[in-house]
Amino acid sequence: MCSCEEPRWGWGHCAPSPILLLSLLLAAPFGLLQGEETRQVTLEVIPDSMGLPQNLLHIRAVGTNSTLHYVWSSLGPPAVLLVATNTPHSNLSVNWSRLLSPEPDGALMVLPKDSIQFSSALVFTRLFEFDSTNTSDVAAKPPGTPYPPYSLAEFSWNNITDSLDPATLSATFRGHPNHDPTRAFANGSLAFRVQAFSRSGRPAQPPRLLHTMDTCQLEVALVGASPRGNRSLFGLEVATLGQGPDCPSMQEQHSIDDEYAPAVFQLDQLLWGSLPSGFVQWRPVAFSQKQGGRESALPCQASPLHPTLAYLLPESPIVRAFFGSQNNFCAFNLTFGASTGPGYWDQHYLSWSMLLGVGAPPVDALSPLVLGIMAVALGAPGLMLLAGGLFLLLGPKRYSEYQPIN
């Protein structure tokens, strides 16, 4: 926990006032975790029927009365489909020849179709780079002079089968640009590590987002790539499908607890509006070292969601295959770091994590450490008053030796 003269919220902000501390403590949902239904979680690579090494990763979480499907792919830009059904017997169907054709509509389905309760997608379209050498304003938009962005649709990706780990329910998409005239990625790569979970808990590394069996986690890591500037900042463009004409909502949640991500009192969420809804969660922090800690923490700024036209985005074959060509897209940008403090330039490393899920987002309860601090801070004065009162009432009584004249 940290403190300062003027308490504020957000990344690197300081602790709240005691009155707000008490009110949040009383309102906190002690031990309440959403999405605790027992699920059988499996992770598999869907093989290409034509024998080509294609990256299509299917996470299937089967419950008593429902199934969650997460379909990740690096065909085109990296993308993921989120599909929730009201039956434990729904399955993914893939027509590879159609999926790899110029018109992939209908090539990817979750059957039976009438069991689908929610569906949407995220597409990671571009990697940004900015030269922040002459930028002193942390809140500047953009945060420096932009270099030409890297289109993630023009990256070459590894065969995901080589990184599949059934024990940890994880796999990694690792890529580099197809055309790299400056050889910036000669010794570097951009990685998307996907992990599902067989139980509720937290990862060992910050920001330690609370996960359940209804969720999967994505860690994006830029490693070893040569920046085009001395103090380059990087960013990521993310596109999603809106529900109808509206974009999903972006929300901020605040907490008094920073034990799991030191100096970070904020959780950002993207929420789709339908029920059951989908969500994306992340803390506004990235890290410039593999062993993430407070000393390597970087601020993460998110722009507001805004509608965008489909033709302005690189096409994702799996999104087109599942939803067709007529869709309402919304996009936002994430920017990692500031011109001052630690940055990618320290060790040529940058990582950021998000949690993706269907249903109610996991709800953080106060950690045992903070509960102990609250118990001491709020209980000690009461115990002192109680002890003092009992001493006055039950303690030894002293009588005066004065004898009255009368």
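So, here's what we can say about the structure.

### Looking at the nonpolar core
For step 1, the next point in the chain: Counting 57 residues, the largest nonpolar core has Tyr70, Trp72, Phe124 and Leu356 as the members making the most contacts within it.
For step 2, the next point in the chain: Ranked by residues supplied to this core, first place goes to strand β22 (residues 349-358) with five residues.
For step 3, the next point in the chain: Tyr70 has contacts with Leu57, His58, Ile59, Val80, Leu81, Leu82, Asp214, Thr215, Cys216, Leu356, Gly357 and Val358, leaving out every residue within four places of it along the chain.

### Focus: unusual backbone geometry
For step 1, the next point in the chain: Cis geometry marks the peptide bond from Leu111 to Pro112, where omega comes out at -5 degrees.
For step 2, the next point in the chain: Tracing the sequence through the fold places Pro112 in the loop between β6 (108-111) and β7 (116-131).
For step 3, the next point in the chain: Note that the residue after Pro206, namely Pro207, is joined by a cis bond; omega there is 10 degrees.
For step 4, the next point in the chain: Along the chain, the position of Pro207 falls in the loop between β12 (189-196) and β13 (215-223).
For step 5, the next point in the chain: For Arg183, which is not glycine, the phi dihedral falls at a positive 55 degrees.
For step 6, the next point in the chain: Structurally, the position occupied by Arg183 is in the loop between β11 (170-177) and β12.
For step 7, the next point in the chain: You can call Arg183 exposed: its relative accessible area is 58%.

### Some thoughts on the pattern of salt bridges
For step 1, the next point in the chain: Following the criterion strictly, the structure yields six salt bridges and no others.
For step 2, the next point in the chain: The closest approach of N and O atoms between Asp105 and Arg320, which form a salt bridge, is 2.7 Å. With Asp105 in the loop between α2 (96-99) and β6 and Arg320 in helix α3 (residues 317-323), the pair connects residues that are 215 residues apart, well separated along the chain.
For step 3, the next point in the chain: According to the relative accessible area criterion, Asp105 is partly exposed, its value standing at 28%.
For step 4, the next point in the chain: By relative accessible area, which is 12% here, Arg320 ends up buried.
For step 5, the next point in the chain: The partner of Glu129 in a salt bridge is Arg228, with the nearest N and O atoms 2.8 Å apart. Of this pair, Glu129 sits in strand β7 while Arg228 sits in the loop between β13 and β14 (232-241), and the two are 99 residues apart along the sequence.
For step 6, the next point in the chain: One salt-bridge network, in which partners are shared between bridges, spans Glu103, Asp105, Glu315 and Arg320.

About the thresholds
- Residues numbered from 1 in each chain as written.
- Predicted model: local features only at pLDDT ≥ 70, side-chain atom pairs only at ≥ 80, totals over all residues.
- Heavy atoms only, no water.
- Core = buried A, V, L, I, M, F, W, Y, C linked by side-chain atoms within 4.5 Å.
- Buried < 20%, exposed > 50% of the residue type's maximum accessible area, 1.4 Å probe, protein only.
- Helix = DSSP H or I, 4+ residues; strand = E, 2+ residues; numbered from the N terminus.
- Contact = heavy atoms within 4.5 Å.
- Salt bridge = Lys/Arg side-chain N within 4 Å of Asp/Glu carboxyl O.

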